[in-house]
Amino acid sequence: MTSKQRAYLKSLAMTMDPILQIGKASLTPENTASVAEALEARELIKINVLQNCMDDPKEIAQVLAERTKSQVVQVIGKKIVLYN
């Protein structure tokens with residue numbers, strides 16, 4: 001993905017609301033399946049990592065990207081944007 005493509009996807013994600021939340025249980029198979037379904041339906045999704053999740057959002061984003069064969073667009077604070 002080029003920097004221009006990434007910048008365009010970031011601009012699209014700015015107005016989006018998070019459609020999934022990752023909480024205290026962190027990444028479960030159910031969460032991963034939900035992310036995969038959402039990516040199939042929308043291509044670009046935003047995920048919110050809740051405060052009670054002890055894992056690093058950047059690590060969560062990488063693992064999700066590997067498991068769903070998607071790309072991490074950005075991780076800002078506790079928000080993850082993935083593109084399929």
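Before any of the text, the structure's been laid out above.
Described below are features of the structure shown in this document. All values derive from a computational prediction rather than experimental measurement.

**Observations concerning the environment of Ile47**
Consideration 1: You can see Ile47 is positioned in strand S2 (residues 44-49).
Consideration 2: Considered as a pair, Ile47 and Thr68 are 21 residues apart in the sequence and their alpha carbons are 14 Å apart.
Consideration 3: When near neighbours in sequence (up to four residues on either side) are disregarded, Ile47 contacts Pro18, Leu20, Ile22, Val35, Leu64, Lys78, Lys79, Ile80 and Leu82.

**Here we look at the sheet that holds strand S1 (residues 20-22)**
Sheets are built from strands paired through backbone hydrogen bonds, the pairs being either parallel or antiparallel.
Consideration 1: Spatially, the 4 strands line up as an open sheet ordered S1-S2-S4-S3, and their pairing is mixed. The sheet terminates laterally at S1 and strand S3 (71-76), the two strands that pair on one side only. If you compare each strand with its neighbour and ignore which way they point, the axes differ by 25° on average.
Consideration 2: Two strands pair when backbone bridges link them, and S2 and strand S4 (residues 79-83) are joined in this way by 5 bridges, in the antiparallel orientation.

Conventions used here
- Residues numbered from 1 in each chain as written.
- Predicted model: local features only at pLDDT ≥ 70, side-chain atom pairs only at ≥ 80, totals over all residues.
- Heavy atoms only, no water.
- Helix = DSSP H or I, 4+ residues; strand = E, 2+ residues; numbered from the N terminus.
- Contact = heavy atoms within 4.5 Å.
- Pairing = 2+ DSSP bridges.
- Axes fitted to C-alpha atoms, helices over the stretch in contact; angles between N-to-C directions.

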